[in-house]
Amino acid sequence: MAWIESHQGTDRHPKTRKLCRKLGISTPAAVGHLHMFWWWAMDFAQDGDISRYGPDDIADAIEWDGDSVQLYTALVEAGFIDETEAGREIHDWYAYAGRLIERRAADAERKRNSRSGKKSVPPPSIGSPPDVQRTGEGQRAESIRDLNPNPNPNLNHKEENTSCPEPPPAGQDEQSSSEKGKGKKPDKYGPDNTYYKMAVYFKGKVDVMAKGEGIEHLTARSNMQTWADDFRKLVELDKQSDTRLIQDVMDWVVKDNFWCRNVLSAESFRKQFGKLVLAMRKPDRQSRPAGRSDKQSIDIVKDQEPAPEVSQEEYEELIRLAERMQSGKGEQR
């Protein structure tokens, strides 16, 4: 029987608390519904793709008695479901449950090879039952791996955990050290990728601010691949192609008295981008002095011309654009 980890910080995670506010439910109820959602996905959406299921299917899977559309929208806005150009998928599902999918495929191949009598049989996955073969006389014959007469008693045989997309502590999406190494997917964004450079650039700004504010523990663990993907979504999905404006907002947000503590990741930067642009354009906005960074500045745009002055009409148009972007996200979900 498959199983998943349950991180102790799930109940206190900001994403879980946001889900509670959106649905008007208690924290224990939200944690229970989330686990039922992940258990259901392990059987009916093993690749994390839930595009073929609608809000009613998800509500039925987790035994939600309220409005199914409200439930689905809340899961999207809280960050438990991602809407992409390809469809809908559970947030970071493969990063956490991908090993389970690969393990099941390897077990099936191993058992097929065993039944066909092949000598080279890959070892079983941890947590899977050993193959049992029968001789011509009907006697039970165990494989070589089960007949080791001198197992090392000093070895600590632990089962490899099958993780679920629980939000890890400190609001980060980085894999644990046990998940690094064997079976790791190649990076989607290389060091020369524009979105990766944007992620590194903004991370450097955030780190300097966090050190000066004494909140380094909130930004210590970050996955640059996730950050790069969030910047890709900002440019390609949200149609924010003005990379010069994006860089200006990066430089400004870490200096603003309010937003510096509320935008600590690329994900929050993308979600609040419209509001950040408007706040940055306000002439009376107060900023605090920024600390000095020893990190080398990475140019993410070729055009270094100064930003043009914004007229009153353009400012009002920006306000209307931000309102349309906000309402448009709700309609897409």
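Residues numbered from 1 in each chain as written. Predicted model: local features only at pLDDT ≥ 70, side-chain atom pairs only at ≥ 80, totals over all residues. Heavy atoms only, no water.

## A look at the overall build of the chain
Right, on to step 1. When you go through the chain residue by residue, the secondary structure sums to 11 helices and 4 strands.
Right, on to step 2. Looking at the 333 residues of the chain, the share that counts as buried comes to 40%.
Right, on to step 3. The long-range fraction of contacts in the chain, counting pairs at least 24 apart against all pairs at least 6 apart in sequence, stands at 70%.
Right, on to step 4. For the chain, the computed accessible surface area is about 19,800 Å², with 49% contributed by carbon and sulfur atoms. (Helix = DSSP H or I, 4+ residues; strand = E, 2+ residues; numbered from the N terminus. Buried < 20%, exposed > 50% of the residue type's maximum accessible area, 1.4 Å probe, protein only. Contact = heavy atoms within 4.5 Å. Areas by Shrake-Rupley, 256 points an atom, 1.4 Å probe, with all protein chains shown as cover.)

## Observations concerning the pattern of salt bridges
Where charged atoms from two side chains of opposite charge come close, those side chains can pair.
Right, on to step 1. The tally for this structure, following the rule as stated, stands at 15 salt bridges.
Right, on to step 2. Between Lys22 and Glu77 there is a salt bridge; the shortest N-O distance is 2.8 Å. You can see Lys22 sitting in helix α1 (residues 14-23) and its partner Glu77 sitting in helix α4 (residues 68-78), a full 55 residues away along the chain.
Right, on to step 3. In this structure, Asp229 engages Lys233 in a salt bridge whose closest nitrogen and oxygen atoms are separated by 3.6 Å. Separated by 4 residues within a single helix, Asp229 and Lys233 lie in helix α7 (residues 224-237), roughly one turn from each other. The pair formed by Asp229 and Lys233 is uniform in burial state, with each residue classed as buried.
Right, on to step 4. It is possible to trace a salt-bridge network through shared partners that takes in Lys188, Asp229, Arg232, Lys233 and Glu236. (Salt bridge = Lys/Arg side-chain N within 4 Å of Asp/Glu carboxyl O.)

## Some remarks on the packing of α1 against helix α2 (residues 27-44)
Right, on to step 1. Two numbers describe how α1 lies on α2: the axes approach to 9 Å, and their chain directions differ by 105°. Relative to α2, the element α1 is oriented roughly perpendicular. Contacts between α1 and α2 involve Thr16, Arg17, Leu19 and Cys20 on the former and, on the latter, Thr27, Ala30, Val31 and Leu34.
Right, on to step 2. Within the contact of α1 with α2, the residues separate by chemical class into 5 nonpolar, 2 polar and 1 charged. (Axes fitted to C-alpha atoms, helices over the stretch in contact; angles between N-to-C directions. Parallel < 35°, antiparallel > 145°, perpendicular 65-115°, else oblique. Nonpolar A, V, L, I, M, F, W, Y, C, P; charged D, E, K, R; others polar.)

## Considering the environment of Cys260
Right, on to step 1. In this structure, Cys260 sits in the loop between α8 (243-253) and α9 (266-271).
Right, on to step 2. The exposure class assigned to Cys260 is buried, which follows from its relative accessible area of 2%.
Right, on to step 3. Separated by 47 residues in sequence, Cys260 and Glu213 have C-alpha atoms that sit 9.3 Å apart.

## Digging into α2
Right, on to step 1. The terminal C-alpha atoms of α2 lie 26 Å apart, and with 18 residues this matches the ideal 26 Å at 1.5 Å per residue to within 8%.
Right, on to step 2. Every buried residue belonging to α2 is among Ala30, Val31, His33, Leu34, His35, Phe37, Trp38, Trp40, Ala41 and Met42, and all of these are buried. (Expected span 1.5 Å × (residues − 1).)

## Notes on the packing of helix α6 (residues 194-213) against α7
Right, on to step 1. Two numbers describe how α6 lies on α7: the axes approach to 8 Å, and their chain directions differ by 115°. One element, α6, and the other, α7, form an angle in the roughly perpendicular class. Seen along the crossing, α6 lies across α7 with a hand that is right-handed. Here α6 contributes Tyr195, Tyr196, Met198, Ala199, Val200, Phe202 and Lys203 to the contact with α7, which in turn contributes Met224, Gln225, Trp227, Ala228, Phe231, Arg232, Val235 and Glu236.
Right, on to step 2. Of the residues assigned to the contact of α6 with α7, the class counts are 11 nonpolar, 1 polar and 3 charged. (Left-handed = near helix turned anticlockwise from the far one by under 90°.)

## Here we look at helix α10 (residues 273-281)
Right, on to step 1. With 7 of its 9 residues buried, α10 lies for the most part within the structure.
Right, on to step 2. Those residues of α10 lying buried are Phe273, Gly274, Leu276, Val277, Leu278, Ala279 and Met280.

## With respect to the nonpolar core
Right, on to step 1. Of all hydrophobic cores here, the largest spans 34 residues; its most connected members are Phe202, Phe231, Val253 and Phe269.
Right, on to step 2. At the level of elements, α6, α7, α8, α9 and α10 are the ones that each hand at least two residues to this core.
Right, on to step 3. Counting residues per element, this core draws most heavily on α6, at 8 residues.
Right, on to step 4. Of all hydrophobic cores here, the second largest spans 29 residues; its members include Leu19, Leu23, Ala30 and Ala59. (Core = buried A, V, L, I, M, F, W, Y, C linked by side-chain atoms within 4.5 Å.)

## Concerning the confidence of the model for the chain
Right, on to step 1. Per-residue pLDDT for the chain has a mean of 76; in total, 66% of the residues score no lower than 70.
Right, on to step 2. The low-confidence segment residues 132-181 (pLDDT under 50) makes 91 contacts with residues lying over four places distant or belonging to another chain.
Right, on to step 3. Contacts for the low-pLDDT stretch residues 290-295, under 50 throughout, to residues beyond four places or in other chains number 6 contacts. (pLDDT = per-residue confidence, 0-100.)

## What to know about the side chain of Lys233
Right, on to step 1. For Lys233, a relative accessible area of 7% corresponds to the buried category.
Right, on to step 2. When near neighbours in sequence (up to four residues on either side) are disregarded, Lys233 contacts Asp82, Asp238 and Arg270.

## Let's talk about the packing of aromatic side chains
Right, on to step 1. One pass over the full model with this rule turns up 10 aromatic pairs.
Right, on to step 2. Relative to Phe269, the ring of Phe202 has its centre 5.0 Å away and its plane inclined at 55°; by these criteria the two rings are tilted. Taken together, the residues span a long stretch of sequence, with Phe202 in helix α6 and Phe269 in helix α9 at a distance of 67 residues.
Right, on to step 3. Classification of Phe202 as buried rests on a relative accessible area of 0%.
Right, on to step 4. Relative accessible area serves as the criterion here: at 0%, Phe269 is assigned to the buried category. (Phe/Tyr/Trp six-rings, centres within 6.5 Å; stacked < 30°, edge-to-face > 60°.)

## A word on unusual backbone geometry
Right, on to step 1. You will see that Glu63, though not glycine, has its phi angle at about 60°, which is positive.
Right, on to step 2. Phi is positive for Lys239, close to 60°, though the residue is something other than glycine.
Right, on to step 3. Here Lys239 shows up in the loop between α7 and α8.
Right, on to step 4. Its relative accessible area of 64% is what places Lys239 among the exposed residues.

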